[in-house]
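Listed below, chain by chain, are the residues.
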Amino acid sequence: MDKLTLAYSPCPNDTYIFAAWSNGMLDGKPEVRVHLEDVESLNHSALKADHTLTKVSYGAIPLLMEKYRILRTGGALGSGCGPLLIARPGTGSTLEEFADKIVAIPGEMTTAFMLLRLAMNRRPQTIQMRFDRIVDAVASGTVDAGLIIHESRFTYQDAGLVKIVDLGEWWESRTGMPIPLGAILARKDLDDDDARAANDAIRSSLQYAREREADVMPYVREHAFEMSEQVMRKHIDLYVNEYSEDVREDGIAAVNELFRRAHQAGIITKGAQAEFV
């Protein structure tokens, strides 16, 4: 296998999972050239098939299926980990009250935005900005509300903001399924054997992190430099779970249900069925 390019976010769940592989701690695994980018930047890079392996939002995958397949490991699914719609106190308390207000979103292709459109049953007025700037934009009154992901769910209350809706709870209450957030994709020019080898390397990297955290945590901290130790730990504990090791059949069912609902709502123009390696 030629040297691969591997792209993922600097968020603690990704750096935790990939630290061992990215830093040559695994014997007998293929070498990788690593690129770290914000999740929406990764979504757009995947449209151009820039990287052999890449983290993306499940909301973006229907646009990427001609170029990529989904790996079973390394992704982000689970329970109680969905995006939140937040606002300043007194600006509204229900989702319907924000239908005509301006919402900051972390990207048009994110799963968070797909879920917001499904829950609202419409497309709200939006301003796109990097995920870590949304809390400040809401607190300052630049926007009426914000759609937050990643570690912002642990810190928004420090800015005096309140939760309007937890879109993970919304999803789980309607489907009874885990919420699919992000996945690792393998470009289709990677043959089955090499794609499975990459999948095995990710699983080994995660296992290494769990068994030898002291070796990988300096790498995680390096890329979480504006995050407290407590928030970093909460982030890992929430987003790195049993679905990170394998998407499982209920995870695949949840992905296909997300795509079905998005197609039914007109968010994606044609039906999509998840293709896993």
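Refer to the structure printed above.
Now for a quick tour of the structure. The written sequence of each chain sets the order in which its residues are numbered from 1. Given that the model is predicted, a residue must reach a pLDDT of at least 70 before its local features are reported, and side-chain atom pairs must reach 80 or more before they are shown or counted; all residues, however, enter totals for whole chains, interfaces and linings. Excluded from the side-chain calculations are hydrogens and water; all other atoms, namely the structure's heavy atoms, are used.

1. Examining the overall build of the chain
Each helix corresponds to a stretch of at least 4 residues labelled H or I by DSSP, and each strand to a stretch of at least 2 residues labelled E; elements are numbered beginning at the N terminus. A count of helical and extended segments in the chain gives 10 helices and 11 strands. It is over C-alpha atoms that the radius of gyration is taken, and the globule rule equals 2.2 Å times the number of residues to the power 0.38. By the compact-globule yardstick of 19 Å for 277 residues, the chain fits well, its C-alpha radius of gyration being 18 Å. Overall, the chain is about 55 × 40 × 30 Å in size when its C-alpha atoms are taken along their principal axes. Relative to its 277 residues, the chain shows a buried fraction of 57%. Note on contacts: a residue pair is in contact if any heavy atoms of the two residues lie within 4.5 Å. A fraction of 75% describes how many contacts in the chain between residues 6 or more apart in sequence connect residues 24 or more apart. Only protein chains enter the calculation, and the probe is 1.4 Å; a residue is then buried if its accessible area is under 20% of its type maximum, exposed if over 50%, and partly exposed in between.

2. Thoughts on the packing of aromatic side chains
Working definition: an aromatic ring pair is given by the centre-to-centre distance plus the angle between the planes. The pairing test for Phe, Tyr and Trp rings, Trp by its six-membered ring, is centres within 6.5 Å, and the orientation test on the planes gives stacked under 30 degrees, edge-to-face over 60, and tilted for anything in between. A full pass over the atoms with the stated rule returns 1 aromatic pair. For Lys101, the ring lying beneath its charged end belongs to Phe98, and the centroid distance is 4.9 Å. The positively charged end of Arg248 is found above the aromatic ring belonging to Tyr243, 4.4 Å away from the centroid. The criterion for a charge sitting over a ring is simple: Lys NZ or Arg CZ within 6 Å of the ring centre, and within 35 degrees of the ring normal.

3. Focus on the layout of surface pockets
Within this model, the largest pocket holds a volume of roughly 550 Å³. Of the two site types, the cavity is a set of points on a 1 Å grid over the protein atoms alone where a 1.4 Å probe fits but cannot get out, and the pocket is an open set with protein on both sides within 12 Å along at least five of seven lines, each lined by residues with an atom within 4 Å of a point. Lining the largest pocket are 20 residues, with Phe131, Asp132, Glu151, Glu226 and Met227 sitting closest to its centre. By residue class, the composition of the lining of the largest pocket is 9 nonpolar, 4 polar and 7 charged. Grid points are joined across faces, edges and corners, and a volume is the space filled by probe spheres set on the points. Considering only enclosed or pocket space, the second largest pocket measures out at about 340 Å³ in volume. Surrounding the second largest pocket, 19 residues form its lining, Pro62, Leu63, Ile267, Ile268 and Thr269 being those nearest its centre. Here the nonpolar group is Ala, Val, Leu, Ile, Met, Phe, Trp, Tyr, Cys and Pro; Asp, Glu, Lys and Arg are the charged ones; every other residue, Gly included, is treated as polar.

4. A closer look at the pattern of salt bridges
For this analysis, a salt bridge means a side-chain nitrogen from Lys or Arg found within 4 Å of a carboxyl oxygen belonging to Asp or Glu. Here the structure, examined in full by the defined rule, presents 22 salt bridges. One salt bridge in this structure joins Arg69 and Asp192, with 2.8 Å as the shortest N-O distance. Taken as a pair, Arg69 in strand 4 (residues 68-70) and Asp192 in helix 6 (residues 192-211) lie far apart in primary sequence, 123 residues in all. For Arg69, a relative accessible area of 12% translates into the label buried.

5. Things to note about helix 8 (residues 229-239)
For helix 8, the set of buried residues is Val231, Met232, His235, Ile236 and Tyr239. Each buried residue of helix 8 lies within a common arc of 135 degrees when the element is viewed along its axis, so the set occupies one face. Summarising the geometry of helix 8, the exposed residues directed more than 90 degrees from the buried face are Gln230 and Asp237. On the buried face of helix 8, the contacting elements are helix 1 (12-22), strand 11 (179-187), helix 7 (213-223) and helix 9 (242-245). The arc refers to the directions leading from the helix axis to the C-beta atoms.

6. Focus: the pairing of strand 11
Buried residues dominate strand 11, accounting for 9 of its 9 residues. The sheet contact formed by strand 3 (residues 53-57) and strand 11 spans 5 bridges and is antiparallel. Bridge pairing in strand 11 links Thr54 to Leu185. At least two bridges found by DSSP between two strands are what make those strands a pair.

7. Some thoughts on the packing of helix 3 (residues 111-120) against helix 5 (residues 167-175)
A fitted line through C-alpha atoms serves as each axis, taken over the contacting stretch for helices, and the angle formed by two N-to-C directions is quoted from 0 to 180°. At their nearest, the axes of helix 3 and helix 5 sit 10 Å apart, and the two run at 60 degrees to each other. Compared by their axis directions, helix 3 and helix 5 come out oblique. Here helix 3 runs over helix 5; the crossing is left-handed. The residues of helix 5 that touch helix 3, namely those facing Ala112, Leu115, Leu116, Leu118 and Ala119, are Leu167, Trp170 and Trp171. Its residues assigned to classes, the contact of helix 3 with helix 5 shows 8 nonpolar, no polar and no charged. Put simply, angles under 35 degrees are roughly parallel, angles over 145 are roughly antiparallel, angles from 65 to 115 are roughly perpendicular, and the rest are oblique. Handedness of each helix crossing follows the sense of rotation of the near helix against the far helix: counterclockwise by less than a right angle gives left-handed, clockwise gives right-handed.

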